[in-house]
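# Summary of structural features
Each chain, written out:
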Amino acid sequence: QVHLVESGGGLVQAGDSLRLSCAASGRTVSNYAMGWFRQAPGKEREFVASISWSGGTRSIAASVLGRFTISRDNAKNTVYLQMNSLKSEDTAVYYCALDEHSGVAVSTTSADFWGQGTQVTVSS
């Protein structure tokens, strides 16, 4: 079993930056792909970013490309999402997820473990 806890969300103004963290416990996660997803009110959960076990392969959604960066520190069992130039449309609950069957990438359908989410609200 893996327990994922997100932190770092909050209320910011458009153009500001935030860094989300996802700390894993219960198992070393250095062999698994991890990712970030978000869900806005009334919308389905969507992919934001994914990172391979080594950090060598990263995928970013087109809507956040050039503004968001995913990274991981396997020594700390933690994945990060650096969010710059935030926009009002980035407002959502952000979730961390892990795919224990893949070391390359994670999707909404392949994720095996999810965190509880952290709220990000961007005021315009």
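Described below are features of the structure shown in this document. (Residues numbered from 1 in each chain as written. Predicted model: local features only at pLDDT ≥ 70, side-chain atom pairs only at ≥ 80, totals over all residues. Heavy atoms only, no water.)

## Some details on the sheet that holds strand β1 (residues 3-7)
Our working definition: Note on pairing: two strands pair once DSSP finds at least 2 bridges between them. Under the DSSP-based scheme used, a helix requires at least four consecutive residues in state H or I and a strand at least two consecutive residues in state E, with every element numbered from the N terminus. In this description, a line fitted to the C-alpha atoms serves as the axis of each element, helices being fitted only across the stretch in contact, and the angle between N-to-C directions of two axes falls anywhere from 0 to 180 degrees.
Pairing is antiparallel in the open sheet, where four strands are placed in the order β1-β3-β8-β7. Each having just a single partner strand, β1 and β7 (68-73) make up the two edges of the open sheet. Each adjacent strand pair in this sheet contributes to an overall mean axis angle of 15 degrees, direction not counted. Of the pairings in the sheet, the one linking β1 to strand β3 (residues 18-25) comprises five bridges and is antiparallel in character.

## Considering the pairing of strand β9 (residues 92-99)
Put simply, the rule is: Burial classes: relative accessible area under 20% of the type maximum marks a residue as buried, over 50% as exposed, and values in between as partly exposed (1.4 Å probe, protein chains only).
For β9, a buried count of seven out of eight residues is recorded, marking the element as mostly surrounded by other parts of the structure. Pairing of strand β4 (residues 33-39) with β9 involves seven bridges; the strand directions are antiparallel. Bridging across to β9, R38 finds its partner in Y94. Relative to strand β11 (residues 118-123), β9 runs antiparallel, the two being bridged by three bridges. Bridge pairing in β11 links Y94 to T118.

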